Amino acid sequence: MTNYPDSYYTATANELGGFPVLSGNLTADVCVIGAGYTGLSTAIHLAEKGFSVVVLEAERVGWGASGRNGGHVGTGQRAGQHELEKMVGKDTAQTLWQYGLDAVDTVTSLIERYDIDCDLKPGNIHMASKPRDCTDLQEEVDHLRDVYHYDKVSYVDKQQSAELVGSDSFHGGMIDTGCQHLHPLNYALGLAKAALEAGVKIYENTRVKDYTHTAPSIVDTPQGQITADYVVLACNGYLDKLDKKVAGKIMPINNFMLATAPLGEEMARNLIRDDFSVSDSLFVINYWKLSADNRLLFGGGENYSSKFPKDIKSFVQKCMLKIYPQLSDTAIDYGWGGTLAITMNRMPHFDRIDGNTYVAHGFSGHGVPTATFAGKAMAEAISGDAEKFDVFASVPTPTFPGGTLLRWPGLVAGMMYYSIRDRL
């Protein structure tokens, strides 16, 4: 059986009991491929509506990005509201903003409803890494308060920023008390337990080889087949070649994290005074938060190959020390990486294929709330109410130039350009 990657999250997981490997042939209303947030949320919401659901996972529940990410549960979408208004118009942008709030509520309601122990805490600060970013953040705060009537955001200046995050690296920031943050793997494991209790059948170490574009569909694995009226593709950065038609809409990239040794209460509060999650405004974003035992969990740096850096701890530590040089002598206990999927415009790609296959992926670093909400939207669409799903599906998602064959060199060139801009 595949083991979870070594990480702080794995070391502090509530329960890693595991699920069986598929053996034989089964029939279900819906077959979900992938047991991360998207797949598990879909399964829970379908089971609550009376559907029979089978979830197939190639590795382990929450093994991919769902069990390795920064744990931020942000409001809105990955693209900002000004950008969305230009992209889809003000009315749809308003709807997407509300869906972003609903996504946070969906996460918190699942946690409450199923009593998931995942260190849920409120608040996020988005920091301005460059002086010119301050204007953007101030305008965003004003826009959200004046146009969207959202009163949980406020702007802080350079001095206030330093007091909040214990660093002189930033020029201002935006506080959003409507955000949440959590232990991502324990959240995924809690969703799996909730799905199981709702009657969902979950199979791990069961890699899907192919599925038929028929009604019903036959989902083929080395251990058996699932015959289902509907198929849900919930693979995100691990879609690979399972469906080439949608693979060109996303780009898998690798991102990395570390966990320091426990810092103690005083040092922890010096770094993040109010125990919020934090992110900065660089294109290759840094993000961090405190764990329940007062470690700094810091994410920074990414690559675009099939391999991770040999020394992930040192790779990420360089990013951390630019912000917190006072941690130069602090031990790094864990370093890990994971693969996520981005889209060209950073908005998720929702689609129907042949009428009975649904896909949602490309969450671009905003996956905890958006993937959870995507599962709810797909469950509603399958049960006959496609309003939420269709709004997301209407957002244009360009295919990467050259499709899956040429997307890598184009992305690397683009990322190098923005990385140079960040350094300058």
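What you see is a predicted model; the values in this text were computed from it and never measured. In this convention, every chain numbers its residues from 1, walking through the sequence in written order. Local features in a predicted model are, by the rule used here, given only for residues with pLDDT of at least 70; side-chain atom pairs are given and counted only at 80 or more, and totals for whole chains, interfaces and linings are based on all residues. Calculation of side-chain values draws on the structure's entire complement of heavy atoms; hydrogens and water are dropped beforehand.

1. Focus on the overall build of the protein chain
Counting from the N terminus, the helices are DSSP H or I runs at least four residues long and the strands are E runs at least two residues long. Along the backbone of the protein chain there are 13 helices and 17 strands. Here the radius of gyration uses the C-alpha set of atoms, whereas the globule reference equals 2.2 Å times the residue count to the power 0.38. Relative to its length of 424 residues, the protein chain is compact, with a C-alpha radius of gyration of 21 Å against a globular reference of 22 Å. On the principal axes, the C-alpha backbone points of the protein chain span a range of 60 × 45 × 45 Å. Exposure classes here rest on a 1.4 Å probe applied to the protein chains alone. A residue is buried below 20% of its type maximum, exposed above 50%, and partly exposed in between. Burial statistics for the protein chain: of 424 residues in total, 58% are counted as buried. The contacts of the protein chain with a sequence gap of at least 6 include a subset with a gap of at least 24, amounting to 75%. Accessible surface, the protein chain: about 17,200 Å² in total, of which carbon and sulfur atoms supply 50%. His residues and chain termini do not enter the charge count, which takes Lys and Arg as positive and Asp and Glu as negative. Lysine's charge is taken at NZ, arginine's at CZ, aspartate's at CG and glutamate's at CD. The protein chain carries 37 positive and 50 negative side-chain charges, and their two centres are separated by 7 Å. Throughout, a contact is declared for two residues whenever any of their heavy atoms are within 4.5 Å. Computed with a 1.4 Å probe, the accessible areas rest on the Shrake-Rupley method; for each residue, only the protein chains presented here act as cover.

2. Looking at the pattern of salt bridges
Basic side-chain nitrogens of Lys or Arg form a salt bridge, by our definition, when they fall within 4 Å of a carboxyl oxygen of Asp or Glu. Tallying each qualifying case throughout the model produces 12 salt bridges. Among the salt bridges present, the one from Glu 48 reaches Arg 113, with a minimum N-O distance of 3.1 Å. In this pair, Glu 48 sits in helix α2 (residues 37-48) while Arg 113 sits in helix α4 (residues 90-113), placing the two residues 65 residues apart along the sequence. Judged by relative accessible area, Glu 48 falls into the partly exposed class, the value being 39%. Close ionic contact of Arg 273 with Asp 274 constitutes a salt bridge, the shortest N to O distance being 3.1 Å. A relative accessible area of 41% means that Arg 273 is categorised as partly exposed.

3. Topic: the pairing of strand β16 (residues 349-353)
Pairs of strands are assigned from DSSP output, requiring at least two bridges between the strands. Pairing of β16 with strand β17 (residues 357-361) involves five bridges; the strand directions are antiparallel. When the bridges of β17 are listed, His 349 appears paired with His 361. Adjacent in sequence and paired antiparallel, β16 and β17 are bridged by three residues, among which Asp 354 carries a positive phi angle near 55°.

4. A closer look at empty space enclosed by the protein
In this analysis a 1.4 Å probe is tested at points of a 1 Å grid over the protein atoms alone, and where it fits but cannot get out there is a cavity; an open set with protein on both sides within 12 Å along at least five of seven lines is a pocket; lining residues have an atom within 4 Å of a point. Grid points are joined across faces, edges and corners, and a volume is the space filled by probe spheres set on the points. This model, assessed by the stated rule, comprises two cavities of 30 Å³ or more. Taken together, Tyr 8, Tyr 9, Asp 119, Lys 121, Leu 182, His 183, Lys 289, Leu 290, Ser 291, Ala 292 and Leu 297 make up the full set of residues lining the largest cavity. Those elements that place two or more of their residues in the lining of the largest cavity are α1 (8-11) and β13 (287-290). Its residues assigned to classes, the lining of the largest cavity comprises six nonpolar, two polar and three charged. Computed from the structure, the second largest cavity encloses a volume of approximately 30 Å³. Gly 76, Gln 77, Tyr 99, Gly 100, Ala 103, His 366, Pro 369, Thr 370, Phe 373 and Phe 392 together form the lining of the second largest cavity. If you list the elements that add at least two residues to the lining of the second largest cavity, you get α4 and α11 (367-382). The classification used treats Ala, Val, Leu, Ile, Met, Phe, Trp, Tyr, Cys and Pro as nonpolar, Asp, Glu, Lys and Arg as charged, and all other residues, Gly among them, as polar.

5. A word on the packing of α4 against α11
At a minimum axis separation of 8 Å, α4 and α11 run at an interaxial angle of 85°. When the interaxial angle is binned, α4 and α11 end up roughly perpendicular. On the side of α4, the interface is formed by Tyr 99, Asp 102, Ala 103, Val 104, Thr 106, Val 107 and Leu 110, while α11 contributes Val 368, Pro 369, Thr 372, Phe 373 and Lys 376. The class makeup of the residues in the contact of α4 with α11 is eight nonpolar, two polar and two charged. Only the contacting stretch of a helix is used when fitting its axis, a line to C-alpha atoms as for every element, and angles between N-to-C directions run 0 to 180 degrees. Just so you know how the angles are binned, under 35 degrees is roughly parallel, over 145 roughly antiparallel, 65 to 115 roughly perpendicular, and the rest oblique.

6. Examining α4
Here the expected length of a helix is defined as 1.5 Å per residue gap, with one fewer gap than residues. Compared with the 34 Å implied by 1.5 Å per residue over 24 residues, the 34 Å span of α4 between its first and last C-alpha is a close match. Downstream of α4 by one or two residues, Asp 115 has phi in the positive range, about 50°.

7. Regarding the packing of aromatic side chains
Here a pair means two rings of Phe, Tyr or Trp (six-membered ring of Trp) with centres within 6.5 Å. Their orientation is stacked below 30 degrees between planes, edge-to-face above 60, and tilted elsewhere. This structure, assessed with the given rule, holds 19 aromatic pairs. Summarising the aromatic geometry, the rings of Phe 256 and Phe 315 are spaced 5.3 Å apart at their centres and angled 80° between planes, so their arrangement reads as edge-to-face. With Phe 256 in strand β11 (residues 251-260) and Phe 315 in helix α10 (residues 312-323), this pair connects stretches of sequence that are 59 residues apart. The buried category is assigned to Phe 256, whose relative accessible area is 0%. Residue classification places Phe 315 among the partly exposed residues on the basis of a relative accessible area of 29%.

8. Focus on helix α5 (residues 131-146)
Its 16 residues give α5 an end-to-end C-alpha distance of 24 Å, which sits within 8% of 22 Å, the value for a rise of 1.5 Å per residue. Summarising the contacts, the buried residues of α5 are in contact with α3 (81-88), α4, β4 (121-127), β5 (153-157) and β6 (172-181).

9. Here we look at the nonpolar core
Of all hydrophobic cores here, the largest spans 79 residues; its most connected members are Val 61, Tyr 187 and Ile 202. In terms of residues, this core owes the most to one element, α4, which gives 10 residues. Dropping the residues within four chain positions of it, Tyr 187 is found in contact with Tyr 37, Val 107, Leu 110, Ile 111, Ile 116, Cys 118, Leu 182, Val 368 and Thr 372. Among the nonpolar cores identified, the runner-up in size contains 27 residues, and Val 156, Phe 256, Met 320 and Leu 327 belong to it. Each nonpolar core is a collection of buried residues, namely Ala, Val, Leu, Ile, Met, Phe, Trp, Tyr and Cys, held together in the definition by side-chain atoms within 4.5 Å.

10. A closer look at the environment of Val 391
Along the chain, Val 391 turns up in helix α12 (residues 387-393). In the structure, Val 391 is positioned 14 residues away from Ala 377 in sequence and 9.9 Å away in space, judged by C-alpha atoms. When residues no more than four places from it in sequence are discounted, the contact partners of Val 391 are Thr 92, Thr 95, Leu 96 and Tyr 99.

Structural measurements only, silent on function.
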